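# Summary of the model geometry
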Amino acid sequence: MPDGLGAPLPAPLFQRLAIIGLGLIGSSIARVARRKNLAGRIVVADRSEDVRRRAVKLGLADTVETSAASAVEDADLVILCVPVGAMGGVAEEIGPHLKSGAILSDAGSVKGAVITAISKRVPASVYFVPAHPVAGTEESGPDAGFATLFRNRWCILTPPEGTDQKAVARLAEFWTAAGANVEIMNPAHHDLVLAITSHVPHLIAYNIVGTAADLETVTQSEVIKFSAGGFRDFTRIAASDPTMWRDVFLNNREAVLEMLGRFTEDLTALQRMIRNGDGKGLFDLFTRTRAIRRGIIAEGQETAAPDFGRRTGEENGS
Ligand code: NAP
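What comes next is a walk through the structure. (Residues numbered from 1 in each chain as written. Predicted model: local features only at pLDDT ≥ 70, side-chain atom pairs only at ≥ 80, totals over all residues. Heavy atoms only, no water.)

### Considerations on helix α7 (residues 187–214)
Basically, it comes down to this: Bend, at a single residue, is the angle you get between axes fitted to the 7 residues ending at that residue and the 7 residues starting at it. Numbering of helices and strands runs from the N terminus; a helix is a DSSP stretch of H or I covering at least four residues, while a strand is a stretch of E covering at least two. Relative accessible area decides the class of each residue, using a 1.4 Å probe on protein chains only: under 20% of the type maximum gives buried, over 50% gives exposed, and in between gives partly exposed. Pairs of N or O atoms are called polar contacts if they sit within 3.5 Å, as long as, within protein, a hydrogen donor faces a hydrogen acceptor (for residues adjacent in sequence, only side-chain-to-side-chain pairs).
The largest bend in α7 comes to about 55°, at alanine 195. Residues Pro187, His190, Asp191, Leu194, Ala195, Ser198, His199, Val200, His202, Ala205 and Ala212 constitute the buried set of α7. One side-chain oxygen at the N-terminal end of α7 lies 2.9 Å from the backbone nitrogen of alanine 188; it belongs to asparagine 186.

### With respect to the sheet that holds strand β1 (residues 14–20)
For sheets, the rule is that strands pair by backbone hydrogen bonds, running either parallel or antiparallel. What counts is decided by this rule: Paired strands, as defined in this entry, are two strands with at least two bridges between them according to DSSP.
Strands sit in the order β3-β2-β1-β4-β5-β6 across an open sheet of 6 strands; the sheet is parallel. Since the sheet does not close on itself, it has two edges, and those belong to β3 (63–65) and β6 (127–128), each with one partner. The pairing of β1 with strand β2 (residues 39–45) spans 6 bridges and is parallel. Counted as the bridge partner of leucine 17 is isoleucine 42 from β2.

### Details of the environment of asparagine 37
Going by this rule: Should any heavy atoms of two residues lie within 4.5 Å, those residues are counted as being in contact.
Tracing the backbone through its elements, the reader meets asparagine 37 in the loop between α1 (24–36) and β2. With relative accessibility at 23%, the residue asparagine 37 sits in the partly exposed group. When the C-alpha positions of asparagine 37 and proline 10 are compared, they lie 7.7 Å apart, and in sequence the two are 27 residues distant. Excluding anything up to four places from it in sequence, asparagine 37 contacts Pro8, Leu9, Pro10, Ala11, Pro12 and Leu13. A distance of 2.8 Å separates a polar atom in the side chain of asparagine 37 from the backbone oxygen of leucine 9.

### A word on the nonpolar core
Worth spelling out the cut-off: Within this scheme, the nonpolar core is defined by two criteria: the residues are buried Ala, Val, Leu, Ile, Met, Phe, Trp, Tyr or Cys, and they are joined through side-chain atoms within 4.5 Å.
By size, the foremost hydrophobic cluster in this structure holds 44 residues, and its most contacted members are Leu17, Ile19, Ile29, Phe150, Phe174 and Trp175. Looking at this core, the element that brings in the most residues is helix α6 (residues 165–177), giving 7 residues. Not counting residues within four places of it along the chain, the set of residues in contact with phenylalanine 150 comprises Ile25, Ser28, Ile29, Val32, Pro133, Ala135, Trp175, Ala178, Gly179 and Ala180. Within the second largest apolar cluster, 33 residues are counted, among which are Val72, Val78, Val110 and Phe249.

### Let's talk about the side chain of serine 240
Tracing the backbone through its elements, the reader meets serine 240 in the loop between α9 (229–238) and α10 (242–251). Looking at serine 240, the relative accessible area reads 5%, which means it is buried. At a separation of 2.7 Å, a polar atom in the side chain of serine 240 contacts the main-chain carbonyl oxygen of isoleucine 237. The contacts of serine 240, once residues within four sequence positions are left out, are Glu138, His202, Tyr206 and Trp245.

Structure below.
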């Protein structure tokens with residue numbers, strides 16, 4: 001069955017692509033780069049021996065390196081796919097080994113803090129173009145990735161002021177060929193938008209599943225046995241990688257706290273409506289929120305299927 005990614009490019013966009021960190025995102029980039037002929041050679045590096053072994057077994061790259069510094073030698077595109085809190089350390093390690101004229105990018109879910117951590121470690125001769133592919137699942141590791149992860153998803157590029165426009169255009173071309181829709185955004189605005197569309201929803205999911213697990217009056221086996229659609233959907237999100245999400249909250253603190261403040265105020269208003277028996281207020285809000293979901297479906301970012309459009313391993317956008 002066609003995968004919707006179209007034919008491979010007649011000539012690769014980059015000679016040598018280096019991917020550092022071969023988890024869900026890194027391995028998906030490697031897969032789509034191979035599938036679409038985005039790079040002449042694909043080199044990957046991961047600190048974990050098990051991951052490197054899997055990469056070889058799965059045929060994810062032409063070369064699998066132990067060290068990030070060796071992987072980036074001579075690469076004309078380097079993408080960092082490690083947790084947000086690890087970006088600075090990796091940038092420091094590879095900085096002196098980056099080729100002059102290379103494009104350095106990342107896949108981090110937070111942009112402001114990542115730009116601060118990476119920029120100061122990038123030589124002036126290297127073009128740093130930060131990016132965030134807004135696509136993901138609750139799975140992690142090299143086996144979780146798939147070539148179509150980014151198809152019809154957004155990839156947000158957040159070049160700091162003064163970034164070379166040709167480098168931005170080349171990276172946009174890479175992500176478009178990988179199946180994504182590209183948008184350029186200011187890093188601070190990205191962090192605010194993602195705080196409400198992704199980070200706070202994850203926090204709410206972690207919280208509600210944690211609350212259910214800690215209840216004294218309802219047993220854990222009852223929570224599992226009688227879990228209805230709403231709770232089940234929260235548990236899927238709350239199963240997301242703990243390291244990745246810890247780093248997101250520690251590095252997008254201000255935007256998350258601002259959105260949480262708004263969320264808490266609105267929750268208090270809802271509490272009041274329930275206490276006051278304000279059925280009209282509840283009905284009006286639920287009608288407005290329904291329209292948002294319809295808008296997401298109309299944009300093709302979700303389907304209206306009764307399983308919420310999610311098969312196992314399907315994208316959720318993080
Ligand atoms: P993942 O599946 O957990 O993979 C992360 C990789 O980074 C692993 O290979 C891991 O190696 C390595 N790593 C962890 N800590 C490291 C360190 N201190 N130094 C060097 N390598 C380290 O994570 P992912 O989901 O692919 O996420 C990668 C990046 O993409 C993150 O910045 C995340 O914010 C972003 N992102 C994620 C999603 C999503 O939904 N998952 C979506 C968009 C963007 P070990 O196995 O040895 O720990």
